[in-house]
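Fold and contact review
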Amino acid sequence: MRRILIVGSAGAGKSTLAREVARRLDLPLIHLDRHYWRPGWVASDDAGFRAEIAALAARPAWVMDGSYGATLDLRLPRADLLVLCDPPRLRCLARVLRRRWVDRATTRPDLPDGCPERLDLPFLRYVWRYPRHSRPRVLAAVASVAPDLPVVRLRTRAELRRWLASLPTT
């Protein structure tokens, strides 16, 4: 495994897992939020973001953290493994609320400078709706553009720990 794509809802633990997987396997880490957002939470233009994602996905090795459904067609065919972080939505909501409090005065390491932690109703709605709206889109994209791609779905902390323990260490 040289290219591992980690997706899931906000608050699912993608960034934390990506850091640990990259560390264990000694692979470059790519947080897509750092490439999409500009200071002040200004979004990248779609064409420029897609071009950047295509270049990142073309690299020979990476652990890539971020859902960004509109670019799955670029990333899934290049990935050796898809990890779907899929804890219950209430756990994701609790984590989002907790990190908003914990990171209130700083910028998280997986976000670009000038993008302090934020919380609003549309974001909470996205987290709540992820299992019914976004997860099926991810799985449909896999079936469509990378049907042979292995998928690991991690729903519980125990599953996550067991999967991490199964990884080789360098």
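Everything numeric here is computed off the predicted structure, so don't read it as measured data.

Turning our eyes to something else, we now look at the packing of aromatic side chains. Applying the stated criterion across every chain, the model contains six aromatic pairs. Measuring from centroid to centroid gives 4.8 Å for tyrosine 36 and phenylalanine 49, while their planes differ by 75°, and the two rings are edge-to-face. Of this pair, tyrosine 36 sits in helix H2 (residues 32–36) while phenylalanine 49 is found in helix H3 (residues 46–57), placing the two residues 13 residues apart along the sequence. In this structure, tyrosine 36 and phenylalanine 49 share a single accessibility class: buried. With centroids separated by 5.0 Å and ring planes inclined at 50°, the aromatic side chains of tyrosine 36 and tyrosine 68 adopt a geometry described as tilted.

The relative placement of two packed helices is expressed as an angle between their axes plus a distance between the axes. Helix H7 (residues 157–166) packs onto helix H1 (residues 14–25) with a crossing angle of 15° between their chain directions and a minimal axis gap of 11 Å. The angle between H1 and H7 places the two elements in the roughly parallel class. Between H1 and H7 lies a crossing whose hand is right-handed. Residues Leu17, Glu20, Val21 and Arg24 of H1 form the contact with H7, whose participating residues are Leu160, Trp163, Leu164 and Ala165. Along the lines of polarity and charge, the residues of the contact of H1 with H7 split into six nonpolar, no polar and two charged.

Attention now goes to the sheet that holds strand S1 (residues 3–8). Strand order in this open sheet of five strands is S2-S5-S1-S6-S7, and the pairing throughout is parallel. Two strands lie at the open edges of the sheet, namely strand S2 (29–31) and strand S7 (151–154), each paired on one side alone. Direction aside, the axes of adjacent strands within the sheet are offset by 15° on average. As paired strands, S2 and strand S5 (residues 62–65) are joined by three bridges and run parallel to one another. Across the sheet, leucine 29 pairs through a bridge with valine 63, a residue of S5. In the packing of H3 onto the sheet, contacts are made with S1, S2 and S5, and the angle to S5 comes to roughly 150°. Of the strands in this sheet, strand S6 (81–85) and S7 are in contact with H7, which crosses S7 at around 140°.

We now examine the pattern of salt bridges. Inspection of the entire model under this criterion finds seven salt bridges. Here glutamate 20 ties to arginine 24 by a salt bridge, and the two come within 2.6 Å at their closest N and O atoms. Residue glutamate 20 and its partner arginine 24 are located together in helix H1, separated by four residues, close to a single helical turn. Given the relative accessible area of 22%, glutamate 20 is considered partly exposed. Between arginine 135 and aspartate 86 there is a salt bridge, and its shortest N-O distance comes to 2.9 Å. Of this pair, arginine 135 sits in helix H6 (residues 121–145) while aspartate 86 sits in the loop between S6 and helix H5 (89–102), and the two are 49 residues apart along the sequence.

Definitions and limits used
- Residues numbered from 1 in each chain as written.
- Predicted model: local features only at pLDDT ≥ 70, side-chain atom pairs only at ≥ 80, totals over all residues.
- Heavy atoms only, no water.
- Phe/Tyr/Trp six-rings, centres within 6.5 Å; stacked < 30°, edge-to-face > 60°.
- Helix = DSSP H or I, 4+ residues; strand = E, 2+ residues; numbered from the N terminus.
- Buried < 20%, exposed > 50% of the residue type's maximum accessible area, 1.4 Å probe, protein only.
- Axes fitted to C-alpha atoms, helices over the stretch in contact; angles between N-to-C directions.
- Parallel < 35°, antiparallel > 145°, perpendicular 65-115°, else oblique.
- Left-handed = near helix turned anticlockwise from the far one by under 90°.
- Contact = heavy atoms within 4.5 Å.
- Nonpolar A, V, L, I, M, F, W, Y, C, P; charged D, E, K, R; others polar.
- Pairing = 2+ DSSP bridges.
- Salt bridge = Lys/Arg side-chain N within 4 Å of Asp/Glu carboxyl O.

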